[in-house]
Amino acid sequence: KCRKEKVSVTNALTAAAALASTDFIDGGEALPGKERNYKVLQSLDMRRFGEQLDSCETVACMAGSMDLMIGPLPDRSGSSVRGKSSGKIGVAQFWDLARDGKRQTAAFVESGGPAQATRVFDAFMSISDGNNLVHLTAESAASQGRAYSAGVSNVGVFERQRAVRREGEPERESLMSKHGKYEIQDIYFATPHSRSGCLYQVSGQTINGEMKLTFHPAKPIVSEETNAAFADSFIELLEVAAGVREASTENVGESNGILSSIPPNALSLAALAFSIGGTAIHSGAWADFFRSVSEMKANVANPADATAALNFWIFFAVGHPILQPILWISDVLHGTPGPKIADLVPYLFLAGNAVAIGAIAFSKEIRNAVNIAALGAFFAYVGAGLDGQAGLGDFNLALDDQYKGQVVKGCPAYDDVRQPSMNNFDLEKYQGKWYEHKFHDWTQFKEVYDTTLDIKLTPDGKGWIDDFGVKGPAPNAAPLSWDKSPVANGAHYFLFGRVDEKDPPGVLRESGFGVEFPNYIVDVQKDEATGEYKEAIQFQCLERGGVRVFEGINFMSRSPVMTEQEMTAMHARAEKAGMYPYGASPEQMHTVARRDASAPELDNSWQRMWKSIGVDKLLELLTESIEDGGR
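Quick caveat, the model's predicted, so the values are computed rather than measured. (Residues numbered from 1 in each chain as written. Predicted model: local features only at pLDDT ≥ 70, side-chain atom pairs only at ≥ 80, totals over all residues. Heavy atoms only, no water.)

**Remarks on the overall build of the protein chain**
A count of helices and strands for the protein chain gives 17 helices and 20 strands. Sorting the 631 residues of the protein chain into buried and exposed places 44% on the buried side. A separation threshold of at least 6 residues defines the contact pool for the protein chain, and within that pool the share at least 24 residues apart is 67%. Carbon and sulfur atoms form 57% of the exposed surface of the protein chain, whose accessible area is close to 32,300 Å². (Helix = DSSP H or I, 4+ residues; strand = E, 2+ residues; numbered from the N terminus. Buried < 20%, exposed > 50% of the residue type's maximum accessible area, 1.4 Å probe, protein only. Contact = heavy atoms within 4.5 Å. Areas by Shrake-Rupley, 256 points an atom, 1.4 Å probe, with all protein chains shown as cover.)

**Some points on the pairing of strand E3 (residues 146–157)**
As paired strands, strand E1 (residues 35–43) and E3 are joined by 3 bridges and run parallel to one another. When the bridges of E3 are listed, Gln42 appears paired with Val152. Two strands pair when backbone bridges link them, and E3 and strand E6 (residues 197–207) are joined in this way by 8 bridges, in the parallel orientation. For Asn154, the partnering residue across the bridge sits in E6 and is Gly204. (Pairing = 2+ DSSP bridges.)

**Brief notes about unusual backbone geometry**
Of note, the bond from Lys219 into Pro220 is cis; its omega dihedral lies within 30 degrees of zero at 5°. Tracing the backbone through its elements, the reader meets Pro220 in the loop between strand E7 (210–215) and helix H7 (224–242). In this structure, Lys6 takes a positive phi of about 60° despite not being glycine.

**Focus: the sheet that holds E3**
With mixed pairing, 5 strands are arranged side by side in an open sheet as E2-E1-E3-E6-E7. Two strands bound the open sheet, and with one partner strand each, they are strand E2 (65–74) and E7. With strand direction ignored, the average angle separating the axes of adjacent strands in the sheet is 25°. When E6 meets E7, the two strands line up antiparallel, connected through 6 bridges. When the sheet's bridge partners are listed, Thr206 is paired in E7 with Met211. (Axes fitted to C-alpha atoms, helices over the stretch in contact; angles between N-to-C directions.)

**A word on H7**
Across its 19 residues, H7 extends 27 Å between first and last C-alpha, which sits within 8% of the 27 Å expected from 1.5 Å per residue. By the burial criterion, the buried members of H7 are Asn227, Phe230, Ala231, Ser233, Phe234, Glu236, Leu237, Leu238, Val240 and Ala241. Looking at the packing, one finds that the buried side of H7 touches helix H2 (9–22), helix H3 (77–81), helix H4 (91–110), E6 and E7. Note on H7: the residue one or two positions beyond its end, Gly243, has a positive phi of about 85°. (Expected span 1.5 Å × (residues − 1).)

**Structural notes on the pairing of strand E17 (residues 515–526)**
In summary, the side chains of a regular strand alternate between the two faces of the sheet. When you tally the buried positions in E17, you get 9 out of 12 residues, the bulk of the element. In this structure, strand E16 (residues 507–512) lies alongside E17, joined through 6 bridges in antiparallel fashion. Residue pairing for E17: Val507 is matched across the bridge by Tyr520. The hairpin turn running from E16 into E17, its antiparallel successor, is 2 residues long, and Phe513 in that turn takes a positive phi close to 60°. In this sheet, strand E18 (residues 533–544) lies alongside E17 in antiparallel orientation, the contact comprising 7 bridges. Looking at the pairing, Asn519 lines up with Gln540 of E18.

**Quick look at the layout of surface pockets**
As a volume, the second largest pocket reaches approximately 1,200 Å³. If you go around the second largest pocket, you meet 49 residues; those closest to its centre are Thr443, Phe445, Val448, Val470 and Tyr493. Among the elements that line the lining of the second largest pocket, the one with the most residues is helix H10 (residues 303–335), at 10 residues. Of the residues assigned to the lining of the second largest pocket, the class counts are 28 nonpolar, 16 polar and 5 charged. (1 Å grid on protein atoms, 1.4 Å probe; cavity = no way out; pocket = protein on both sides within 12 Å on 5 of 7 lines; lining within 4 Å. Points joined across faces, edges and corners; volume = space filled by probe spheres on them. Nonpolar A, V, L, I, M, F, W, Y, C, P; charged D, E, K, R; others polar.)

**Some points on the packing of helix H9 (residues 283–299) against helix H12 (residues 364–387)**
In contact at an axis separation of 8 Å, H9 and H12 are set at 75° when each is read in the N-to-C sense. Our classification of the angle between H9 and H12 gives roughly perpendicular. On H12, the residues touching Ala285, Trp286 and Phe289 of H9 are Phe379, Val382, Gly383, Leu386 and Asp387. Its residues assigned to classes, the contact of H9 with H12 comprises 6 nonpolar, 1 polar and 1 charged. (Parallel < 35°, antiparallel > 145°, perpendicular 65-115°, else oblique.)

**With respect to the nonpolar core**
Ranked by size, the top nonpolar core spans 41 residues in total, and within it Tyr430, Phe539 and Met579 carry the most contacts. Looking at which element gives the most residues to this core, the answer is E18, with 5 residues. Beyond its immediate chain neighbours, meaning those up to four positions away, Phe539 contacts Pro412, Val417, Pro518, Asn519, Tyr520, Val522, Glu551, Gly552, Ile553, Met579 and Tyr582. Cys2, Leu13, Ala15 and Val222 belong to the second largest nonpolar core, which has 37 residues in total. (Core = buried A, V, L, I, M, F, W, Y, C linked by side-chain atoms within 4.5 Å.)

**Topic: a nonpolar patch on the surface**
Together, Leu269, Leu272 and Ile276 make up an exposed nonpolar region whose accessible area comes to about 280 Å². Looking at the secondary structure, you find Leu272 in helix H8 (residues 266–280). Overall, Leu272 belongs to the partly exposed group, its relative accessible area being 38%. (Patch = residues over 30% accessible without salt bridge, like charges linked within 9 Å, V, L, I, M, F, W, Y side chains within 5 Å. Salt bridge = Lys/Arg side-chain N within 4 Å of Asp/Glu carboxyl O.)

**Description of H2**
Taking 1.5 Å of rise per residue, 14 residues should cover 20 Å, and H2 covers 20 Å from first to last C-alpha, within 8% of that figure. Here H2 lies mainly inside the structure; 13 of its 14 residues are buried.

**Some remarks on the confidence of the model for the protein chain**
In this model, the protein chain carries an average pLDDT of 87, and 88% of its residues clear a pLDDT of 70 or more. Overall, residues 249–256 carries pLDDT values under 50, and its contacts beyond four positions in sequence, including any with other chains, amount to 25 contacts. (pLDDT = per-residue confidence, 0-100.)

**What to know about the environment of Ile221**
With respect to the helices, strands and loops of the structure, Ile221 is situated in the loop between E7 and H7. When the C-alpha positions of Ile221 and Arg146 are compared, they lie 9.8 Å apart, and in sequence the two are 75 residues distant. The residues touching Ile221, leaving out its near neighbours within four places in the chain, are Gln144, Arg146 and Leu199.

Below, the structure written as structure tokens:
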């Protein structure tokens, strides 16, 4: 086939090396429409071109190669020739590349290149300390000593090689593969490229009519698995080009299908544009946030106080957007039709996940676009929280936020919000279980329901524990999956604080996540018959350096059910206390969803699975350990 195409075997080998390299560039992550140039190191016999012609009777160190510049070639061109992906490179182009290699080689020889190369190489090694330069090149973090995409060293036919002239013999004889009863059946060799040279190197020669190839890339830059795949691609290219193997009709790879019509980096650029746009629409809120942070840092005496407050903000600002895709995936899981594995996971959901994960894993373009879009969505969601557009009740992240167009600075004093109902307040009577009905609080999540607070004083009366009970997600937050959650039947976490004797009755000190702030009991309502507290309004506020970082408002009752009239009256008392500017108005509060108190515990295949693996016991153990640690 090479004779028919009027090229040498080496020309075909260099074409195959360049094309195979296109299948593995950037770790095999092809970019649709991307074209690159490839430098291939082609070994040549240059001993005959030395200043003093070498009679080949000694071992010599002389220049033995030339550079072939091949391309530009589209990514996955080798796959295209082999028929494994669509593309404009076919068998005809393979032989065009081989002829181009022949043309470059002829031009190199005719221009006197070999003679000049041997002189330069001799000077390089003997005068210019070439070994040190090779060492420095190998130490380069950018190239790791790889100056060439690929290299080919083809000795030719073994039996046509001339042996060293033996003493007493007038001529050098040809090598023989048979010597008496002994025969050389296989012979392999490899040229060294460990310090510098080629990324993918192929060395070979022909003996007994068979070409023996050695694939020896730079390890560990190229793994054994990748080298094996490169070798398979290289051999298949030669077989297809020679006509002894049909090109595959199966179109696979990234250059096939819809991606082939998309310009390079188009998905990533689209995701970037979305991300920039999503962040830009909240740019004013972000600017206000950073101004407030700068003000806080400038006004605090101890920088650690500002850092702790900011970390507190970051922890919950990050938690909310992370929860959203989890709930979405959960609803997709439980809304997917078809048969299920153990009545738990639909086969179709697993198949869809395999496709999605495969696309992300094998396509750098898709993976980059997904990562950029996810990061952009995150900043857009947090920006919406700063702008008050992501739920004023549970995700109003602004520092010193506004009310009716006016910025409300800092936290009020207790006396500014305390109501007359707090006269003669008895903290002992305040203990026990409370049902939360509304909140304005970004440390809570609108996706939970049936929230309760069980407040207990420590035996010495100097501390208190708040057993915060939640279930989730709420039916309206995840309508298809709410009853499958591991915490659908409840979970607990604890808040801890202290009772400072210097504070007036009704003020508790709450601590957590590295900060402490006051928890004001603003208003209580008593049961006329028993005198027990039946309703309460709590207000937490964290301020550092004159900047309000967090405010939390809780409307609570001893009953799991409150009428609209009772809730309206509670809002009226909060307004009278001056709490509307801090988030107590109806539009700024989130209503906690509640399931009928008489409803049985949820029981389905998922709940049974959670119990079988001990999730319920783990939650109990975690609850006990946290409670014990708080004490």
